Amino acid sequence: MRRLLIIGFSLLAALAPVRAEEAANRPSVDASQLTALGIEWRRVNPYRGNAAAIEIGGQAFAQTCARCHGPEANATGHPAPDLRRMDVACRRIKTPEIKAKCIADNDLFFSNSVRKGKTIVGVVHMPAWEPVLGQELIWAIRSYIETRPLTRLEPNPSETMAAH
């Protein structure tokens, strides 16, 4: 029994810093204007084009994502990818049904990446944000990113590397 108690307290102690870190990273954003989405994750962004979601998403992005992805999601001078480029291939598709499927695939990729984070060869490149943000803020952030302009003034790093 004593051994079980020690193991139990050890597990709680190990989880405590995670919860403290989650609380420290939780954005101070009023998301009360967003329609509650429940516990089942949506496959497609339910807030696409919603002005309130875009504004709330921008606030949440600034507090949680901008430090790695840049203040305009353009990654200029930051270590993480340019999120504005996520739907570039979809924008060129002319058939509405195929374009919608392309964007839906990107929605699913985005939500899974943000929810679960990115670990490559055992190195955490992005933490899992689901426990910190929840479904509503993650989709609001996706809505905000979709409004960021993609200009040709900012070259794609892979295009720049290919030119050399």
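Residues numbered from 1 in each chain as written. Predicted model: local features only at pLDDT ≥ 70, side-chain atom pairs only at ≥ 80, totals over all residues. Heavy atoms only, no water.

1. Here we look at the environment of Leu150
Along the chain, Leu150 turns up in the loop between helix H6 (130-147) and helix H7 (157-163). Residue classification places Leu150 among the partly exposed positions, given a relative accessible area of 31%. Sequence-wise, Leu150 and Arg84 are 66 residues apart; in three dimensions their C-alpha atoms are separated by 6.2 Å. The residues touching Leu150, leaving out its near neighbours within four places in the chain, are Arg84, Arg85, Val88 and Arg91. (Helix = DSSP H or I, 4+ residues; strand = E, 2+ residues; numbered from the N terminus. Buried < 20%, exposed > 50% of the residue type's maximum accessible area, 1.4 Å probe, protein only. Contact = heavy atoms within 4.5 Å.)

2. Some thoughts on the packing of aromatic side chains
A complete count under the given rule lists 1 aromatic pair for this structure. Ring centres of Phe61 and Tyr144 lie 5.4 Å apart, and the angle between their planes is 40 degrees; this geometry places the pair in the tilted category. Remark: Tyr144 occurs in helix H6 and Phe61 occurs in helix H2 (residues 51-64); sequence separation between them is 83 residues. Tyr144 shares its class with Phe61; the two are buried. The ring of Phe110 is capped by Arg142, whose NZ or CZ atom sits 5.7 Å from the centre of that ring. (Phe/Tyr/Trp six-rings, centres within 6.5 Å; stacked < 30°, edge-to-face > 60°. Lys NZ or Arg CZ within 6 Å of the ring centre and 35° of its normal.)

3. Notes on unusual backbone geometry
Located in the positive-phi region is Ala73, a residue other than glycine, with phi close to 65 degrees. Residue position: Ala73 is located in the loop between helix H3 (66-69) and helix H4 (88-91). Using a relative accessible area of 0% as the deciding quantity, one classes Ala73 as buried. Notably, Val121 is not glycine yet its phi reads approximately 50 degrees, a positive angle.

4. Some details on the side chain of Gln135
Within the secondary structure, Gln135 sits in helix H6. Given the relative accessible area of 4%, Gln135 is considered buried. Reaching out from Gln135, the side chain makes a polar contact with the backbone oxygen of Gly38 at a distance of 3.2 Å. In this structure the side chain of Gln135 is engaged in a polar contact, spanning 2.7 Å, whose partner is the backbone nitrogen of Arg42. Setting aside residues no more than four positions away along its own chain, Gln135 makes contact with Leu37, Gly38, Glu40, Trp41 and Arg42. (Polar contact = N/O pair within 3.5 Å; in protein donor to acceptor, adjacent residues only side chain to side chain.)

5. Some details on the confidence of the model for the protein chain
On average, the protein chain scores 82 in pLDDT, and the residues at 70 or more come to 77%. In the model of the protein chain, helix H1 (residues 2-25) stands out as the element of lowest mean pLDDT, 41, in contrast to helix H5 (residues 96-116), which has the highest, 97. Note that residues 1-23 has pLDDT below 50 and, in this model, 2 contacts with residues that lie over four places away or in other chains. Contacts for the low-pLDDT stretch residues 158-164, under 50 throughout, to residues beyond four places or in other chains number 2 contacts. (pLDDT = per-residue confidence, 0-100.)

6. Section: the side chain of Arg148
Along the chain, Arg148 turns up in the loop between H6 and H7. Given a relative accessible area of 18%, Arg148 falls into the buried group. Polar side-chain contacts of Arg148 include one of 2.7 Å to the side chain of Glu72. Setting aside residues no more than four positions away along its own chain, Arg148 makes contact with Glu72, Ala73 and Arg84.

7. Regarding the state of the cysteines
Under the definition given, this model contains 1 disulfide. Each disulfide pairs two cysteine sulfurs, and for Cys90 the partner residue is Cys102, the sulfurs being separated by 1.9 Å. The disulfide joining Cys90 to Cys102 has a torsion of about -80 degrees about its S-S bond and is therefore left-handed. Here Cys102 lies in helix H5 and Cys90 lies in helix H4, a separation of 12 residues in the sequence. What makes Cys90 buried here is its relative accessible area of 1%. Using a relative accessible area of 18% as the deciding quantity, one classes Cys102 as buried. Of all cysteine sulfurs, the one in Cys68 lies closest to Cys65, which takes part in no disulfide; the gap is 8.6 Å. A residue is classified by how much of its surface remains accessible, and Cys68, at 34% relative accessible area, is partly exposed. (Disulfide = S-S within 2.5 Å.)

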